[in-house]
2 protein chains.
Amino acid sequence: MPKLDLASIPHTNATGYPPPFDTAVEGRWYRRLAPVAGLTLMGASHVTLLPGAFSSQRHWHRGQDELVVILDGEAVLIDDAGETPVGRGDILAFPAGEANGHHLHNRSDTPCVFVAISAGAREADSGEYPDIDMVFDAAGYARKDGTRYEARRLP
Amino acid sequence: MPKLDLASIPHTNATGYPPPFDTAVEGRWYRRLAPVAGLTLMGASHVTLLPGAFSSQRHWHRGQDELVVILDGEAVLIDDAGETPVGRGDILAFPAGEANGHHLHNRSDTPCVFVAISAGAREADSGEYPDIDMVFDAAGYARKDGTRYEARRLP
């Protein structure tokens, strides 16, 4: 069925981030759309970002394009250029390899709902978190000196 | 700039469809987002479908996943299963290789606005139009007996 029945898709706030970086995304509830829809060439998540939550730690990808479509509510985009308010109908694009760490922060008192789409080989991806002592690759997370965190990236 | 300035991106209703298949999409106005955003691993278009217009001829792709996010207005999804009303906040997914011809038809009296995202190698893509005497591949359009139309697919 091409029209996704969002309510029937399980949602979770799980994260693979090691502590203490996990708490900032506790209010990020998401539904992974690609597996239930049969998509194999892109990733897609329907995300409800509760007041106060981050969409992720501020990060960028070497190997994946990202696109975010804001469906409802408001948030603040934080990247190397500063802070930009975003809301319904806005589209945010983050090209693979552009070293501009970014995330969304919901500073409003209502949920912000968006769809996040990614494309590019996940198993060849890696990236960095400019604000914290962490980098990622396909296997998981490491400190910037190369020592690994035990946490694994979630599928 | 990750937040796209949609108003500054040129829009067009151009199509590569050969006549008489081009008239049904005259009311499909779109902005190609990937080139201006620097995305290379996905395609993305912001589409305003005027009353009466089709989003495309009913088609499916062998080599590309497609995702559609409805931002505003209403349309009817037409596919092999029949007709399904869609509107703001709905998400439609069309996996590569699934031979389920689909398109949107705006039967309302206001524009329907959506974002269409694709992933997968365009140069290896091909597909079919179940309702008309046409198939496509990377180079362009052909009749089902293999003879080519002169029209070329637009980038």
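Structural notes, computed from the coordinates. Here the structure is a predicted model, which means the values were calculated and not measured.

## Looking at the interface of chain A and chain B
Moving on, step 1. Listed per partner, the contact involves 36 residues of chain A and 36 residues of chain B.
Moving on, step 2. Within the residue set of the side of chain A that touches chain B, elements represented by two or more residues are β2 (43-49), β4 (65-72), β5 (74-79), β6 (82-87), β7 (91-94) and β9 (112-119) of chain A.
Moving on, step 3. The residue inventory of the side of chain A that touches chain B, partitioned by class, reads 23 nonpolar, 8 polar and 5 charged.

## Quick word on the pairing of strand β11 (residues 134-137) of chain A
All names here are of chain A.
Moving on, step 1. Residues Met134 and Phe136 line the buried face of β11, whereas the alternating positions Val135 and Asp137 sit on a face that is not buried.
Moving on, step 2. Examined bridge by bridge, β11 and strand β12 (residues 140-142) share 2 bridges and lie antiparallel to one another. Bridge assignment links phenylalanine 136 to a residue of β12, and that residue is tyrosine 141.
Moving on, step 3. Taken together, β11 and the strand that follows it, β12, pair antiparallel across an intervening segment of 2 residues.

## Considerations on the pairing of strand β10 (residues 126-129) of chain B
Residue and element names in this part refer to chain B.
Moving on, step 1. As judged from the 2 bridges shared by strand β3 (residues 60-61) and β10, these two strands associate in the antiparallel manner. Within β10, the position partnered with tryptophan 60 by the bridge is glutamate 128.
Moving on, step 2. Between the end of β10 and the start of strand β11 (residues 134-137), which pair antiparallel, lie 4 residues.

## Some thoughts on unusual backbone geometry
The general pattern is negative phi for most residues beyond glycine and trans for most peptide bonds.
Moving on, step 1. Residue Pro20(A) is bonded to the preceding Pro19(A) through a cis peptide linkage, with omega at 10°.
Moving on, step 2. Inspection of the secondary structure puts Pro20(A) in the segment before β1 (28-32).

## Concerning the relation of the copies chain A and chain B
Each of the two chain copies goes to the other by way of a rotation about an axis and a shift along it.
Moving on, step 1. Under the fitted operation, chain A is carried onto chain B by 0.0 Å of movement along the axis and a turn of 180°, and the coordinates agree to an RMSD of 0.0 Å. Both chain copies can therefore be described as sitting about a two-fold axis.
Moving on, step 2. Looking at chain A, 100% of its interface residues are interface residues in chain B too, so the copies touch through the same face.

## Observations regarding the environment of Leu49(A)
All names here are of chain A.
Moving on, step 1. Relative to the elements of secondary structure, leucine 49 occurs in strand β2.
Moving on, step 2. For leucine 49, a count of 25 C-beta atoms within 10 Å gives the class buried.
Moving on, step 3. Between the C-alpha atoms of leucine 49 and glutamate 123, which are 74 residues apart in sequence, the distance is 27 Å.
Moving on, step 4. Aside from chain neighbours lying at most four places away, what touches leucine 49 is Gly27, Arg28, Ser55, Ala75, Leu104, Asn106, Pro111 and Cys112.

## So, the sheet that holds strand β6 (residues 82-87) of chain B
Residues and elements named next belong to chain B.
Moving on, step 1. Spatial strand order, β6-β5-β8: 3 strands in an open sheet with antiparallel pairing. In this open sheet, the two strands that pair with only one neighbour each are β6 and β8 (103-105). Strand-to-strand twist of the sheet, defined as the mean angle between neighbouring strand axes without regard to direction, takes the value 35°.
Moving on, step 2. Sheet topology note: the strand β5 (residues 74-79)/β6 ladder contains 6 bridges and is antiparallel. Looking at the pairing, aspartate 79 lines up with glycine 82 of β6.

## Things to note about the nonpolar core
Moving on, step 1. Ranked by size, the top nonpolar core spans 77 residues in total, and within it Met42(A), Leu67(A), Val69(A), Met42(B), Leu67(B) and Val69(B) carry the most contacts.
Moving on, step 2. Setting aside residues up to four positions removed in sequence, Leu67(B) forms contacts with Leu39(A), Met42(A), Ala44(A), Ile117(A), Ile91(B), Ala93(B) and Ile117(B).

Cut-off values and rules
Residues numbered from 1 in each chain as written. Chains lettered and ligands numbered in written order. Predicted model: local features only at pLDDT ≥ 70, side-chain atom pairs only at ≥ 80, totals over all residues. Contact = placed C-beta atoms within 7 Å. Helix = DSSP H or I, 4+ residues; strand = E, 2+ residues; numbered from the N terminus. Nonpolar A, V, L, I, M, F, W, Y, C, P; charged D, E, K, R; others polar. Buried ≥ 20, exposed ≤ 12 C-beta atoms within 10 Å, placed from the backbone. Pairing = 2+ DSSP bridges. Least-squares fit on C-alpha atoms with pLDDT ≥ 70 in both. Axes fitted to C-alpha atoms, helices over the stretch in contact; angles between N-to-C directions. Core = buried A, V, L, I, M, F, W, Y, C linked by C-beta atoms within 7 Å.

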